[in-house]
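Okay, here's what each chain looks like letter by letter:
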Amino acid sequence: MNKILIVEDEPAIRDLIKIELEQKGYKCDVAKDGEVAADLIELQKYDLILLDIMLPKVDGYELLEFIKNEYEIPTILISAKSQTDEKIRGLNLGADDYISKPFEIGELIARVEAVLRRYNKGIDTQKIYDIEVNLVSRTVKKNGIEISLTPKEFDLFALLIQNKNFVLYRETIFEKVWGEDLEFETRTLDLHIQRLRKKLGLKDKIKTVYKIGYMLEV
Ligand code: CA
């Protein structure tokens, strides 16, 4: 599930964006100024940031430099100004897109989806060995034959594929697949890993990393 930070000092706009994005299945945090936003960015992990330019305390441009230099998180600027030079300044600082107020919420969501696709967060299908995964239709094929995975098995495999050749901590995997609200259950996770290895024939490729977690080796 993609997590988005909305940085906007106008409560009405902030709430509207949050409600609409949550309806689309995104997880959202909000920040009312640049300082709160910087604190959240340090603590949480975001897939995308919607960033208003005119903000109290730390403005959007300053925050954008911080985001891009330190965290490389995809960022869409929101501005009350539609001047071209403002837009160019934002894009030069590394913004991934730019939208000016007033905007149609549908357009904002389309831009969010487009930026996430670009980062994937973006590639719809991935191939490893003889396995092809479609992250949009959530299907997995091995040698062209569809393999049936449960939703959690799919989420788990998608996470492993997106982090291939990186070791993932058990706790991190659990939080991403089962959610932060559930208590960490190593048995549940280990069982799903075993099922994946068996169903996909990846016994040696989904590695157990002693005392840490798992890694998909490609
Ligand atoms: Ca503002």
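Residues numbered from 1 in each chain as written. Predicted model: local features only at pLDDT ≥ 70, side-chain atom pairs only at ≥ 80, totals over all residues. Heavy atoms only, no water.

Participant: Can you walk me through the packing of helix α1 (residues 11-23) against helix α5 (residues 105-119) in this structure?
Facilitator: Helix packing for two helices is described by the angle between their axes and how far apart those axes are. Look at α1 against α5: their axes get within 11 Å of each other, and the N-to-C directions meet at 60 degrees. Comparing the axis directions of α1 and α5 gives the class oblique. Classified by chirality, the crossing of α5 by α1 is right-handed. Within the contact between the two elements, α1 uses L16, I17, E20 and L21 and α5 uses I105, L108, I109 and V112. Looking at the contact of α1 with α5 residue by residue, the classes come out as seven nonpolar, no polar and one charged. (Axes fitted to C-alpha atoms, helices over the stretch in contact; angles between N-to-C directions. Helix = DSSP H or I, 4+ residues; strand = E, 2+ residues; numbered from the N terminus. Parallel < 35°, antiparallel > 145°, perpendicular 65-115°, else oblique. Left-handed = near helix turned anticlockwise from the far one by under 90°. Contact = heavy atoms within 4.5 Å. Nonpolar A, V, L, I, M, F, W, Y, C, P; charged D, E, K, R; others polar.)

Participant: Help me understand the pattern of salt bridges in this model?
Facilitator: Two side chains with opposite charge may pair up if their charged atoms get near one another. Scanning all chains against the criterion turns up 16 salt bridges. Across the pair E10 and K101 runs a salt bridge, and its minimum N-O distance is 3.1 Å. One end of the pair, E10, is in the loop between β1 (3-7) and α1; the other, K101, is in the loop between β5 (97-100) and α5, with 91 residues separating them in the sequence. For E10, a relative accessible area of 36% corresponds to the partly exposed category. K199 is the salt-bridge partner of E153, the closest N and O atoms lying 2.7 Å from each other. With E153 in helix α6 (residues 151-162) and K199 in helix α8 (residues 186-200), this residue pair connects regions lying 46 residues apart in the sequence. The buried category is assigned to E153, whose relative accessible area is 3%. (Salt bridge = Lys/Arg side-chain N within 4 Å of Asp/Glu carboxyl O. Buried < 20%, exposed > 50% of the residue type's maximum accessible area, 1.4 Å probe, protein only.)

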